[in-house]
Amino acid sequence: MRTLTGYDVVVVGAGNAALCAALSALESGARVLVLEKAPAYFRGGNSYFTAGGFRFPYDGLEDIRAVIPEMADEEAASIEVGSYPQRAMYEDIMRVTEGLSDPDLLQAVVSQAYPTIQWMRAKGLNWVLMYGRQAFEVEGKHRFYGGLITEAVGGGKGLVDGLFKAAEEQGAEVLYDAKTNRLVTDNSGRVTGVVAQTPEGRTQIEAGAVVLACGGFEANPEMRARYLGPDWELAKVRGTRYNTGDGIRMALDIDAQPYGHWSSCHAVAWDLNAPPFGDRNIADLFQKHSFPLGIVVNSHGRRFLDEGADFRNYTYAKYGREILKQPHRAAFQIFDSKVTHLLRDEYHISRVTKGTADSIGGLADALEIDREGLVRTVEEFNGSVEDGPFDPSILDGKGTQGIDPPKSNWAQKLDSPPFTGYGVTCGITFTFGGLRINARAQVMDTGDNPIPGLYAAGELVGGLFYYNYAGGTGLMAGSVFGRIAGAEAAKEIRD
Ligand SMILES: Cc1cc2nc3c(=O)[nH]c(=O)nc-3n(C[C@H](O)[C@H](O)[C@H](O)COP(=O)(O)OP(=O)(O)OC[C@H]3O[C@@H](n4cnc5c(N)ncnc54)[C@H](O)[C@@H]3O)c2cc1C
């Protein structure tokens, strides 16, 4: 086996969390090697497939303008961003995770989010407001909602390209087609390197410290079935095929502590005919996130969830699981012409499973939904809608009465043809179970002690998300802990 030496920090993976770790270690003067399992063409992991949406707290428009200094006064006058204090972000994540999110880890994310966004900006990353997805026009102004209002310029591709550019300019070496298999430890239990399968064969790479940032197990059907349960092996994977739980397994093999919600994951409504793994040209556009504007039924024509329970940012990640439970793992989102102009960009691509008709019965036929069932459901739904003004930019309280499940906000009768329906299935994004780290991103062992020389960041960290998730937190948490991990790894070597 060949051996590579001379590296201070080896980073496993090359997505958002890994590249933030690399940049941070470089900043501390470390010599850094990044090992990426994918070939160069597929680099960037799940991070590449994202919109680049980052959730962070801010006190008002001035904080947003500090992140987007290019914003002209005219643009600033045309928007309403409100404020999103740290407390609100903390409470939103605690609320959707049923109070289970690890308070120390969550506090680290919330308190370090805004400084980390500024740090990334200083590394050359740029941000824009998410006009298309996170704002509605109200009285001539774009009103942003849901605590997630900015994305990286160029989306996930822009984010990943920007991070690679910065890391390579600052001296990171990147080895592609390098599947890391194993962590190497010395007699004291300290991690001293990794073993990877590379194009030059099996290679041992010695390192002062290792940062694991190589994703969850969402692309591993065996682990999905084992931990998430029956039928999860049948879910479509929204992003990279390379996140097969390797980093988690490697760390558990040396006594790292499993942590978090192993039987749960982030999963969404995803085009019924999407390919089994993500398509880098389509990226996240197979998702269908405007369901709060209409109703969702299964192939029997029955509703099975509250489409308006909350802003989509706080429900979409748990609704994939509900879709997986339906017959044939299929669901249909139904809209009438009153709202079609409000549908997000992803509804307007050509690779979409869609039907249109002038009657509800005709729509059922077009999408192969049980006709009688759908007609009955829509009649019942229309009869249950409460009066009141409809406003998608706030929780408008315009709900239903007397039906189960209810629709709690944005309920409008489906009475204006043409009617449009979109076929969706369950698309898994990433898994919630993983490794226990502390607020310094050190991986903990089963005795609750940090494993010397081992750090982790990104999807493979457990303990932040349970049951559900708040949109834009995955990238933010990965950047925060990636930055901490890189700095702490470099510091450990120096000390
Ligand atoms: C379609 C889609 C849209 C999304 N949109 C958003 C969004 O807008 N905002 C948001 O916050 N989150 C979003 N997410 C979630 C987000 O992608 C993840 O939370 C985040 O990107 C994870 O970053 P990461 O660095 O942990 O993993 P990744 O970016 O997946 O990087 C992991 C890397 O590790 C590599 N790897 C795996 N195994 C090995 C091994 N054995 N050896 C070496 N390398 C290995 C992989 O090839 C990959 O490059 C989205 C996800 C998807 C799929």
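Note that the structure is predicted; figures quoted are calculated from it, not measured.

About the cut-offs
- Residues numbered from 1 in each chain as written.
- Predicted model: local features only at pLDDT ≥ 70, side-chain atom pairs only at ≥ 80, totals over all residues.
- Helix = DSSP H or I, 4+ residues; strand = E, 2+ residues; numbered from the N terminus.
- Buried ≥ 20, exposed ≤ 12 C-beta atoms within 10 Å, placed from the backbone.
- Near = placed C-beta within 6 Å.
- Nonpolar A, V, L, I, M, F, W, Y, C, P; charged D, E, K, R; others polar.
- Pairing = 2+ DSSP bridges.
- Domains from an automatic or database assignment.
- Contact = placed C-beta atoms within 7 Å.
- Expected span 1.5 Å × (residues − 1).
- Arc of directions from axis to C-beta.
- Core = buried A, V, L, I, M, F, W, Y, C linked by C-beta atoms within 7 Å.

Visitor: Please explain unusual backbone geometry as it appears in this structure.
Guide: Across the chain, the bulk of peptide bonds are trans and the bulk of non-glycine residues have phi less than zero. Between Asp404 and the following residue, Pro405, the backbone shows a cis peptide bond with an omega angle of -5 degrees. Position of Pro405 relative to the elements: it lies in the loop between helix H13 (371-384) and strand S19 (419-431). Omega for the bond connecting Pro417 with Pro418 falls within 30 degrees of zero, at 0 degrees, which places this linkage in the cis form. Tracing the chain through its elements places Pro418 in the loop between H13 and S19. You will see that Glu139, though not glycine, has its phi angle at about 50 degrees, which is positive. In this fold, Glu139 is placed in the loop between strand S6 (135-138) and strand S7 (141-144). We classify Glu139 as exposed; it has 6 C-beta atoms within 10 Å. Not every positive phi belongs to a glycine, and Asp448 is a case in point at roughly 75 degrees. Among the structural elements, Asp448 can be located in the loop between strand S21 (442-444) and strand S22 (450-456). Looking at Asp448, the number of C-beta atoms within 10 Å reads 9, which means it is exposed.

Visitor: It is not clear to me how the site of the ligand should be interpreted in this structure. Could you clarify?
Guide: The full set close to the ligand counts 40 residues, and Gly13, Gly15, Gly45, Gly458 and Gly474 are the nearest of them. Every element with two or more residues in the shell around the ligand is listed here: helix H1 (16-27), helix H2 (45-49), strand S10 (179-185), S19 and helix H14 (473-494). The class makeup of the residues in the shell around the ligand is 13 nonpolar, 20 polar and 7 charged.

Visitor: Got a minute to help me understand the sheet that holds strand S8 (residues 150-152) in this structure?
Guide: Sheet strands associate in pairs through backbone hydrogen bonding, adopting either a parallel or an antiparallel arrangement. An order of S3-S8-S5 is seen for the 3 strands of this open sheet, with the pairing classed as antiparallel. Of all the strands in the sheet, the pair left with one neighbour each is strand S3 (53-54) and strand S5 (127-129). In this sheet, S8 lies alongside S5 in antiparallel orientation, the contact comprising 3 bridges. Each bridged residue has a counterpart across the sheet, and for Leu129 the counterpart in S8 is Thr150.

Visitor: Is there a simple way to think about the domain arrangement of the chain in this case?
Guide: By a widely used convention, the size of an interface equals the accessible area lost when the partners come together. Domain annotation of the chain identifies domain 1 (2-217 + 432-494) and domain 2 (267-427). A straight line from the C-alpha centre of domain 1 to that of domain 2 covers 32 Å. The interface is formed by 21 residues belonging to domain 1 together with 15 residues belonging to domain 2. Looking at the side of domain 1 that touches domain 2, the elements that each hand over two or more residues are H2, helix H7 (131-134), S6 and helix H8 (155-169).

Visitor: Teacher, can you tell me more about the pairing of S19 here?
Guide: Looking along a regular strand, one sees the side chains alternate between the two faces of the sheet. Most of S19 is tucked away: 13 of the 13 residues are buried. Where strand S13 (residues 236-237) lies against S19, 2 bridges are found, and the strand directions are parallel. If you follow Lys236 over to S19, its bridge partner there is Gly427. As paired strands, strand S15 (residues 265-271) and S19 are joined by 7 bridges and run antiparallel to one another. Across the sheet, residue Val268 finds its bridge partner in S19, namely Gly427.

Visitor: Whenever I open this one, the environment of Tyr314 confuses me. Can you help?
Guide: Mapped onto the fold, Tyr314 is located in the loop between strand S16 (295-297) and helix H11 (316-324). It is 6.7 Å that separates the C-alpha atoms of Tyr314 and Val96, two residues lying 218 residues apart in sequence.

Visitor: What is the right way to read H8 from this model?
Guide: Each turn of an α-helix holds 3.6 residues, which means side chains three or four residues apart point in the same direction. When the terminal C-alpha atoms of H8 are compared, their 21 Å separation across 15 residues agrees well with the 21 Å that a helix rising 1.5 Å per residue should span. All of the buried residues along H8 are Gly156, Leu159, Val160, Gly162, Leu163, Ala166 and Ala167. Down the axis of H8, the sector holding all buried residues measures 165 degrees, keeping them to one side. On its buried face, H8 is in contact with H1, H2 and S8. Just beyond H8, the residue with positive phi is Gly171, at close to 105 degrees.

Visitor: Looking at this structure, I do not really get the nonpolar core. What am I missing?
Guide: Generally speaking, soluble globular proteins have nonpolar side chains that are buried together. Grouped together as the largest cluster of nonpolar side chains are 153 residues, with contacts concentrated most on Ala22, Val211 and Ala456. It is H14 that provides the largest number of residues to this core, a total of 10 residues. Of the domains in this structure, domain 1 (2-217 + 432-494) and domain 2 (267-427) are the two that each give at least three residues to this core. Contact partners of Ala456, with chain neighbours within four places excluded, come to Val211, Leu212, Ala213, Leu435, Ile437, Ala441, Val443, Val461 and Ala485.

Visitor: Whenever I open this one, the sheet that holds S6 confuses me. Can you help?
Guide: With mixed pairing, 3 strands are arranged side by side in an open sheet as S4-S7-S6. The sheet is open, and its two borders are formed by strand S4 (79-80) and S6, each paired with just one other strand. Here 4 bridges tie S6 to S7, and the two strands are oriented antiparallel to one another. Paired with Glu137 across the two strands is His142, which belongs to S7.

Visitor: What should I look at first to understand helix H10 (residues 246-253) in this one?
Guide: Burial in H10 covers these residues: Asp246, Gly247, Ile248, Met250 and Ala251. The inward-facing, buried residues of H10 contact strand S1 (2-12), S10, strand S12 (201-212), strand S20 (434-435), S21 and S22. Remark: Asp255 follows H10 within two positions and exhibits a positive phi of approximately 85 degrees.

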